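Coordinates in review
In case you want the letters, here they are:
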Amino acid sequence: MKYLHSLSALFFAATLSCCTQQSDSQPATVSSADATANKQDEGLASCCIASLPSRFAPTPAVTQDSSVQSSGKQLQEEMVWIEGGTFMMGADNDQARPDEYPKHKVTVDGFWLDATEVTNAAFARFVEATGYVTTAEKKPDWNELKKQLPPGTPKPDESLLVASSLVFQAPQGQVDLRNFASWWTWTEGANWRQPHGPGSSIKGKENHPVVHVSWYDAQAYAKWAGKRLPTEAEWEWAARGGKQGHVYPWGNEPIHSGKPKANTWNGSFPTNNTEQDGYYYTAPVRSFSPNPYGLYDMAGNVWEWCSDNYHSDYYSTLHATTGVRNPGGPSKSFDPDEPFAKKRVIRGGSFLCNDSYCSGFRVAARMKSTEDSGLEHVGFRCVKDKQ
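Residues numbered from 1 in each chain as written. Predicted model: local features only at pLDDT ≥ 70, side-chain atom pairs only at ≥ 80, totals over all residues. Heavy atoms only, no water.

A word on the layout of surface pockets
Reported here for the second largest pocket is a volume of approximately 350 Å³. For the second largest pocket, the lining is made up of 20 residues, of which Glu-78, Thr-116, Thr-119, Ala-122 and Arg-125 are closest to its centre. Those elements that provide at least two residues to the lining of the second largest pocket are α4 (120–130) and α6 (215–224). When residues in the lining of the second largest pocket are grouped by element, the largest group, 3 residues, is from α4. Tallied by class, the residues present in the lining of the second largest pocket amount to 9 nonpolar, 3 polar and 8 charged. (1 Å grid on protein atoms, 1.4 Å probe; cavity = no way out; pocket = protein on both sides within 12 Å on 5 of 7 lines; lining within 4 Å. Points joined across faces, edges and corners; volume = space filled by probe spheres on them. Helix = DSSP H or I, 4+ residues; strand = E, 2+ residues; numbered from the N terminus. Nonpolar A, V, L, I, M, F, W, Y, C, P; charged D, E, K, R; others polar.)

Here it is, written out as structure tokens:
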């Protein structure tokens, strides 16, 4: 398979085995006219729609947050109380993927949840207070990285083992939607301060969600703030806003009907964004109407880390019960597309989501990525337990 961008050899290794197993009957390119027809193709869904590209593994020091101490107070500003309850968790329509089935009964206790995604301004306060250095700002460690890759994967050139992150770059012309390397570029110097790479800045974007944060980074921030990351069940319960069985946080009206509802990709993905919703990349938090619980951006803008391990068969184990209370996710991670990689669940969709490729703005939509991954469209929000 030919890749259109010069990404790291190991970024390719983590995705090549998945993407090259697709049916030879698939077209080499996908136009806007046939994208919708192809989006539920089994091969497409099992590769790029169902996963996000993974970053190099971090150094061992990054995997621990022992150097980050709690601020000694729980930051409750801009949080919303979410009353507990029982709901049927999982797939709501025919856009659902296999790991969103079967629907299963879940009960969650009440909790506080950030009204918005954590912003650049909030993350900057954390970094200033602690001196924390994010995963994307550190050189990868090959000894840790190779644990996530198939045995025998060769070590890349040292020039590739540099502090980097994955940045979106719209390709020129039609591309194969099964190959996410067509729009993700491995960019040295890209991080939360420089979201588009060297020369970019978050100046004037203090109220935008922080991006290029790994699961480790989100965990460290949450600990400092006296909070934690939400479980996947808590996240979906909150996103539904009390609406049982609805497809989106706002109800069932399709994403592009009526007024803009969220920051998503408008137009033909990934080449042409009409910016009908007003934004190409991230939007300031609170740019769109909240869901019935008063929560903003539970659909679109950036994907959000959850605390749970990802396992492709997890919902099946829960369905076998009569109901589960406060599920915390499976004890181990497993993704058949990348069986050596440990992954965590991310939820909510992003500014790159489009019905022709990734309807991640559905409340039941699931995605996953490795704990060390930081991308230009991944952020987080935090939870606090009732005292």
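Next comes the rest of the description.
Quick notes on the environment of Glu-206
Tracing the sequence through the fold places Glu-206 in the loop between β6 (184–188) and α6. A relative accessible area of 41% means that Glu-206 is categorised as partly exposed. Considering only alpha carbons, one finds Glu-206 and Val-285, 79 residues apart in sequence, at a separation of 9.9 Å. The contacts of Glu-206, once residues within four sequence positions are left out, are Thr-119, Asn-120 and Ala-121. One polar contact links the side chain of Glu-206 to the main-chain amide nitrogen of Gly-204, over a distance of 3.2 Å. (Buried < 20%, exposed > 50% of the residue type's maximum accessible area, 1.4 Å probe, protein only. Contact = heavy atoms within 4.5 Å. Polar contact = N/O pair within 3.5 Å; in protein donor to acceptor, adjacent residues only side chain to side chain.)

A word on the nonpolar core
Among the nonpolar cores identified, the biggest contains 48 residues, and Phe-123, Trp-183, Tyr-221 and Phe-380 are the most heavily contacted of them. Those elements that place two or more of their residues in this core are α4, β5 (164–168), β6, α6 and β9 (303–309). The element contributing the most residues to this core is α6, with 7 residues. Setting aside chain neighbours within four positions, we find Phe-380 in contact with Glu-117, Val-118, Phe-123, Val-210, Val-213, Ala-218, Tyr-221, Leu-229, Trp-303, Glu-304 and Trp-305. One finds Ala-115, Trp-235, Ala-239 and Tyr-314 within the second-largest nonpolar core, a separate group that totals 24 residues. (Core = buried A, V, L, I, M, F, W, Y, C linked by side-chain atoms within 4.5 Å.)

Some points on the confidence of the model for the chain
Put simply, the chain has an average pLDDT of 84, and 80% of its residues get 70 or more. Ignoring residues within four places in sequence, the model shows residues 1–10, a span with pLDDT below 50, making 35 contacts including any to other chains. Within the model, the stretch residues 12–51 combines pLDDT values under 50 with 77 contacts to residues more than four positions away or in other chains. (pLDDT = per-residue confidence, 0-100.)

Things to note about unusual backbone geometry
Geometrically, the link from Tyr-101 to Pro-102 is a cis peptide bond, its omega value of -10° lying close to zero. Going from Phe-269 to Pro-270, the amide bond is cis rather than trans, its omega being 0°. Along the polypeptide, Pro-270 turns up in the loop between β7 (267–268) and β8 (272–273). The residue Glu-275 is not glycine, and still its phi comes out positive at about 60°. Mapped onto the elements of the fold, Glu-275 is located in the loop between β8 and β9.

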